[in-house]
Amino acid sequence: MLIHIPQMFGPEALAQAQRLLGAAPWQSGQASAGRQAALVKNNEQLPPTCAQAMELQSLVLGALEKHPIFFSAALPKKVFPPMFNRYGDEHNFYGNH
């Protein structure tokens with residue numbers, strides 16, 4: 001089930017996220033792909049320990065923990081930090097996996 005969470009970020013947080021994403025050290029998505037996924041994964045991602053990814057993780061998790069729709073829908077025991085992926089140019093798909 002997918003739940004839409006409207007207005008999770010205000011204008012300042014959104015601008016901060018865009019700045020971080022623009023300055024981030026994107027790498028091939030192959031870095032985290034298993035043997036089978038490597039055959040169909042053609043995207044880019046942020047290394048989870050880079051400064052931009054860690055700041056974005058904090059931004060997203062902080063917004064989620066304050067949002068009543070998230071908690072009422074998910075009832076999470078634990079929330080894992082998100083990964084950040086992008087698709088574009090020659091890195092534009094992640095096939096069946």
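In what follows, the structure referred to is the one given above.
Quick summary incoming for the structure in this document. (Residues numbered from 1 in each chain as written. Predicted model: local features only at pLDDT ≥ 70, side-chain atom pairs only at ≥ 80, totals over all residues. Heavy atoms only, no water.)

### Observations regarding the overall build of the protein chain
Piece 1. Along its length, the protein chain carries 3 helices and 5 strands.
Piece 2. Along the protein chain, from the amino end to the carboxyl end, the secondary structure elements read α-β-β-β-α-α-β-β.
Piece 3. A principal-axis box enclosing the C-alpha atoms of the protein chain has dimensions of 40 × 30 × 20 Å.
Piece 4. A separation threshold of at least 6 residues defines the contact pool for the protein chain, and within that pool the share at least 24 residues apart is 62%.
Piece 5. When the accessible surface of the protein chain is summed, it comes to about 7000 Å², and 57% of that surface belongs to carbon and sulfur atoms.
Piece 6. In the protein chain, 7 side chains carry a positive charge and 6 a negative one; their mean positions are 12 Å apart. (Helix = DSSP H or I, 4+ residues; strand = E, 2+ residues; numbered from the N terminus. Contact = heavy atoms within 4.5 Å. Areas by Shrake-Rupley, 256 points an atom, 1.4 Å probe, with all protein chains shown as cover. Lys, Arg positive; Asp, Glu negative; His and termini not counted. Charge placed at Lys NZ, Arg CZ, Asp CG, Glu CD.)

### Section: helix 1 (residues 11-22)
Piece 1. Between the first and last C-alpha of helix 1 there are 16 Å, a value that for 12 residues agrees with the 16 Å anticipated at 1.5 Å per step.
Piece 2. Contact partners of the buried residues in helix 1: helix 2 (51-66). (Expected span 1.5 Å × (residues − 1).)

### Points about the packing of aromatic side chains
Piece 1. Across all of its chains, the model carries 1 aromatic pair by this definition.
Piece 2. Aromatic pair F70 and F71: ring centres 5.4 Å apart, planes at 85 degrees, arrangement edge-to-face.
Piece 3. Judged by its relative accessible area of 36%, F71 is partly exposed. (Phe/Tyr/Trp six-rings, centres within 6.5 Å; stacked < 30°, edge-to-face > 60°. Buried < 20%, exposed > 50% of the residue type's maximum accessible area, 1.4 Å probe, protein only.)

### Considering the pattern of salt bridges
Charged atoms that come close allow side chains of opposite charge to pair.
Piece 1. Tallying each qualifying case throughout the model produces 1 salt bridge.
Piece 2. Note that E44 and R86 form a salt bridge whose closest N and O atoms lie 2.7 Å from each other. Linking E44 in strand 3 (residues 44-45) with R86 in strand 4 (residues 85-86), this pair joins segments that are 42 residues apart in sequence. (Salt bridge = Lys/Arg side-chain N within 4 Å of Asp/Glu carboxyl O.)

No statement about biological role is implied by the geometric values presented.
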